[in-house]
Amino acid sequence: MNLRLTPPAMLSASIMLASLLILLGANSGSAEPNPEPAKGKSKKEGGNWTPPEFDETLPSSVTVMEGETATLPCVVTKLRGRSVSWIRQSDLHVISANQLIFTSDDRFKVRMENETSFELEVRTALTNDSGVYECQVNTRPKLSRPVTLTVQASGASIHGPAEVYIKTGSTLVLTCSAAIHANAITKVDWEHNDTKVTISGPRGGVSIHTEAGGREVREVTSRLSVVRAAPPDAGNYTCRPHAALPATTTVYIVDEQFPAAMHHESRAGAVVSPCSVLLLGAAFLAVR
């Protein structure tokens, strides 16, 4: 069972933290003689008691998607009553000592499946949780094993080219998708030039359809349709899922009829600009 300090106990927390740092030997680099273990707790090898040992077969790096639970492994044998702590290397913050938690962030928890296992669990991991965490034993000098946590933010993508060209009067269709955690919110917002697009807005003729599928990692897909596209509909369109990074594309509304050879239908239902064709032709001639 985790024990967690509450804000009213800040003074006690400071005292306990100071005591913990002393136990961890934070201010001393001198070696400590290995104490004699209790009977039956350890084996004597060559006349000296062996120090605690980390299980080095466990992963030293963990990668999860944002919103998932990250589990950082640590198994230590031959402890002989010593405590095991987790330290965040970036700011040297003491997160835990055994199962005692030294942070008000309730996403952190230490799971002990047995007396040698000390897993640090970070629920609903965020990108700023990424970094190196040390599983540390309070010997002198200290023994520690680093575990690197990487939290990846999923990003949305709008199907088709980064620049969409569409003729006046046709229907603009943009499709956006993103991989999200199974428990994440599946809502997706669309913006036109930083203004939220709604189906009940004054422009009319707008529809948004969003759906999600999958289990552990779900894919959310949202489709924006704008009928009878006109020059005011040109500009930047941003797909903004609530559980992923946004994606943006630029839409141009054009009047001229493109020659058949220049037409290239995209998955967004748009056409490639004739300027792009001219640039490609110029580049081809330059190479020759």
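Here is what the cut-offs are and how they apply
- Residues numbered from 1 in each chain as written.
- Predicted model: local features only at pLDDT ≥ 70, side-chain atom pairs only at ≥ 80, totals over all residues.
- Heavy atoms only, no water.
- Pairing = 2+ DSSP bridges.
- Helix = DSSP H or I, 4+ residues; strand = E, 2+ residues; numbered from the N terminus.
- Salt bridge = Lys/Arg side-chain N within 4 Å of Asp/Glu carboxyl O.
- Buried < 20%, exposed > 50% of the residue type's maximum accessible area, 1.4 Å probe, protein only.
- Contact = heavy atoms within 4.5 Å.

Naming follows an unreviewed UniProt entry, where the protein appears as Ig-like domain-containing protein of Scylla paramamosain.

Here the focus is the sheet that holds strand S23 (residues 247–254). Strand order in this open sheet of five strands is S16-S23-S22-S18-S19, and the pairing throughout is mixed. Edge positions in the sheet fall to strand S16 (163–167) and strand S19 (195–196), since each of these pairs with one other strand and no more. The pairing of strand S18 (residues 188–192) with strand S22 (residues 235–241) spans five bridges and is classified as antiparallel. From the neighbouring strand, His192 faces S22, where its bridge partner is Tyr237.

All right, on to the pattern of salt bridges then. Counted under the stated rule, the structure contains 11 salt bridges. In this structure, the salt-bridge partner of Asp189 is Lys196, at a minimum N-O distance of 3.7 Å. In this structure Asp189 comes out as buried when scored by relative accessible area, which is 16%. In the salt-bridge network here, residues are joined through shared partners; they are Arg111, Glu113, Glu121 and Arg123.

On to the side chain of Ser96, then. For Ser96, the location among the structural elements is in strand S9 (residues 93–97). Aside from chain neighbours lying at most four places away, what touches Ser96 is Val84, Ser85, Trp86, Ile101, Phe102 and Val110.

Our focus in this paragraph is the pairing of strand S13 (residues 131–137). Within S13, five of the seven residues are buried, which leaves it mostly tucked inside the rest of the structure. By the bridge criterion, five bridges tie strand S8 (residues 84–88) to S13 in an arrangement that is antiparallel. Residue Ile87 lies in a different strand from S13, and its bridge partner there is Glu134. Bridge count between S13 and strand S14 (residues 143–152): seven bridges; the pairing is antiparallel. Directly across from Tyr133, in S14, lies its bridge partner Val147. Following S13, the chain reverses through five residues before pairing antiparallel with S14.

The pairing of strand S5 (residues 61–65) with S14 spans five bridges and is classified as parallel. Residue pairing for S14: Ser61 is matched across the bridge by Thr148.

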